[in-house]
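Chain by chain, the residues:
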Amino acid sequence: MANHYYNSEDLGKFGNIGEYQKPLADKFFDYYGEVFKNGALTEKEKSLIALAVAHAVQCPYCIDAYSADAYEKGYSQQQMMEAVHVAAAIKGGAVLVHGVQMMNKVKEIAM
Amino acid sequence: MIKSLKVLNHNLSNADNQLSILENELPRQTAFRNKIAAFGYTALQPSGIEVFQINIGKMCNQVCKHCHVDAGPDRKEIMTIETMQLCLVAIQNPTIKTVDLTGGAPELNPNFRWFVTEIKKLGKHIIVRCNLTIILANKKFNDLPDFFKLHQVEVVSSLPSFTAQRTDSQRGDGVFNDSIKALQMLNAVGYGVANNGLILNLVYNPAGAFLPPSQAALETEYKTELFKNFGITFNSLFAITNMPISRYLDYLLVSGNYQKYMDKLIAAFNPSAINNVMCRNTISVSWDGFLYDCDFNQMLDLKVKYPAPQHLSEFNIQLLNTRNIVLKQHCYGCTAGAGSSCGGAVAI
Ligand code: SF4
Ligand code: SF4
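None of these values were measured; they are calculated from a predicted model.

A. A look at the site of ligand 2. Taken together, V277, C279, C294, F296, N297, I325, V326, H330, C331 and C334 of chain B make up all the residues around ligand 2. Among the residues making up the shell around ligand 2, the classes are represented as eight nonpolar, two polar and no charged.

Below is the structure:
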């Protein structure tokens, strides 16, 4: 084991998860491949969504992969940063909207 | 103005130094020859020479960062009229259907227009690799669209993005705006606008250390964006892979991307692209009349293999058609993904 949890080389080994459970890995990778194909949304649009979600879930592997993929597919630096802001706004909003729950509770018990 | 590697006396302006990096620096990478041998290709031979590609000079008004020719305003190598005359003899061979003029900016050769006119008299289809900005570089080039039209020349032009930022980052400040104006001038005389035989094709190549995305998706996007923003139309878009040679090799090394880029090319190896690599139906001629398997081998000074004649003065199509093509590690650039070698994606 390395003395740190994340290793960039592990991204290239993602497919190896099938070594321990092949049928489920196969199903996942088939599904993953299908999801990212052109559909009602283009492959390019899906790449930008993936970039934003990667930031929201803070997965370094996904950030690495989709920063490259979105740039390669032609998004500009500004567009990519705006996508990250969308992720940040949703995450921030998700925290703040719970403030209403806090307020509800406080109002319930406060004199 | 940025200088060429040659004028800077850069280590990579020497073809042997480039080859030494390509062949020796990453010893764990499978040799291209062994890779294709695993698919039954012990050697690669031409399918027959149909395209005669001539580099009529290394002089260019641009100094693009990725240029595999190391072209620029400071390059003085220009094909003479005597060498052009040798080309005109060679292309009389009936199997040669297309003459592909490249450079540098081929229009900077003082005998360019005479040469195009003479080639046309022989009934050949002509492609000119026009960098677009040359049309605006000087008043005397403003009528190039009309000249191209007169000779029914197919125009193939690089535009790495439909945005200024990305185009200029690769090709130089202001190149995007001038390219747009030049495309509008070509459209104005009828290029790329209708089914009138005036073909205007664009070339995409990545502005960075990565491989091109889907050619079909890019073409759709380019057509939409260029029309919406500038009213520009064109025929087809070719997505090509940058070759790890010359200035692009320098960029890869300086930016620390060399190994990763070579790994990407090898990982994207597509055996079905082997049959369609450009060198199988093309012969490449340098400004001084030497013969090469392709423009990339030309820049690496890898002349066609003996017993094929190495110079135009001994041109012999039979001997050239039976030669073994010279293959090195940069050839992975022609077999990556859909495969691309100057004409765009060639396999599915
Ligand atoms: S890529 Fe083309 S336009 Fe750019 S410097 Fe090279 S020859 Fe000139
Ligand atoms: S680099 Fe040249 S010789 Fe090598 S495969 Fe491509 S076209 Fe052929």
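From this point, things continue past the structure.
B. Structural view of the interface of chain A and chain B. Facing the seven residues of chain A at the interface are ten residues of chain B. At the boundary of chain A with chain B, total buried surface from both sides reaches about 670 Å², with 40% on carbon and sulfur atoms. Of all residues in chain A, K44, Y71 and E72 of chain A bury the most surface against chain B, accounting for 68% of the area lost on that side. Linking chain A with chain B are two salt bridges. Between K44 of chain A and E221 of chain B there is a salt bridge, and its shortest N-O distance comes to 2.3 Å. The interface formed by chain A and chain B holds three residue pairs in polar contact (both at pLDDT 80 or more) in total. Its residues placed into classes, the side of chain A that touches chain B shows two nonpolar, two polar and three charged.

C. Main features of the nonpolar core. F52, I54, L101, F148 and Y222 of chain B are the most contacted members of the largest nonpolar core, which has 115 residues in total. Among all residues touching L101 of chain B, those that are not within four sequence positions of it are I54, I56, P106, F112, F115, V116, I119, I126, I127, V128 and R129 of chain B.

D. Expanded view of unusual backbone geometry. Residues and elements named next belong to chain B. Here the amide bond leading from G103 into G104 is cis, since omega sits at 25°, within 30 degrees of zero. With respect to the secondary-structure elements, G104 resides in the loop between β2 (98-102) and α4 (112-121). Omega for the bond connecting Y306 with P307 falls within 30 degrees of zero, at 5°, which places this linkage in the cis form. Within the secondary structure layout, P307 lies in the loop between α12 (295-299) and α13 (317-321). A positive phi is found at N9, a non-glycine position, where the angle reads about 60°. Within the element layout of this structure, N9 appears in the segment before α1 (15-24). Overall, the relative accessible area of 66% leaves N9 in the exposed class. Located in the positive-phi region is Q152, a residue other than glycine, with phi close to 50°.

E. A look at the environment of K181 of chain B. Residue and element names in this part refer to chain B. Inspection of the secondary structure puts K181 in helix α8 (residues 175-188). You can call K181 partly exposed: its relative accessible area is 44%. Note: C-alpha distance between K181 and L136 (45 residues apart in sequence) is 8.2 Å.

F. Structural detail: helix α3 (residues 60-72) of chain A. Between its first and last C-alpha, α3 of chain A extends 18 Å over 13 residues, near the 18 Å set by a 1.5 Å rise per residue. Inspection of α3 of chain A places Y66, A70, Y71 and E72 of chain A among the buried residues, and these make up the whole buried set. At its buried positions, α3 of chain A is contacted by α1 (22-35), α2 (43-56) and α4 (77-109) of chain A together with α7 (164-171), β5 (200-204) and α11 (258-267) of chain B. Looking at the residues trailing α3 of chain A, positive phi occurs at G74 of chain A, about 115°.

G. Quick peek at α1 of chain B. Residue and element names in this part refer to chain B. Among the residues of α1, those classed as buried are A15, Q18, L19, I21 and L22. Buried residues along α1 cover an arc of 160° about the axis, so they all sit on one side. Seen from the buried face of α1, the exposed residues on the opposite side, beyond 90 degrees, are D16 and N24. On the buried face of α1, the contacting elements are α10 (246-254), α11 and α12. Sitting at the head of α1, N14 places a side-chain oxygen 2.7 Å from the backbone nitrogen of D16.

Procedures and definitions
- Residues numbered from 1 in each chain as written.
- Chains lettered and ligands numbered in written order.
- Predicted model: local features only at pLDDT ≥ 70, side-chain atom pairs only at ≥ 80, totals over all residues.
- Heavy atoms only, no water.
- Near = heavy atom within 4 Å.
- Nonpolar A, V, L, I, M, F, W, Y, C, P; charged D, E, K, R; others polar.
- Contact = heavy atoms within 4.5 Å.
- Buried area = accessible area lost by both parts, 1.4 Å probe.
- Salt bridge = Lys/Arg side-chain N within 4 Å of Asp/Glu carboxyl O.
- Polar contact = N/O pair within 3.5 Å; in protein donor to acceptor, adjacent residues only side chain to side chain.
- Core = buried A, V, L, I, M, F, W, Y, C linked by side-chain atoms within 4.5 Å.
- Buried < 20%, exposed > 50% of the residue type's maximum accessible area, 1.4 Å probe, protein only.
- Helix = DSSP H or I, 4+ residues; strand = E, 2+ residues; numbered from the N terminus.
- Expected span 1.5 Å × (residues − 1).
- Arc of directions from axis to C-beta.

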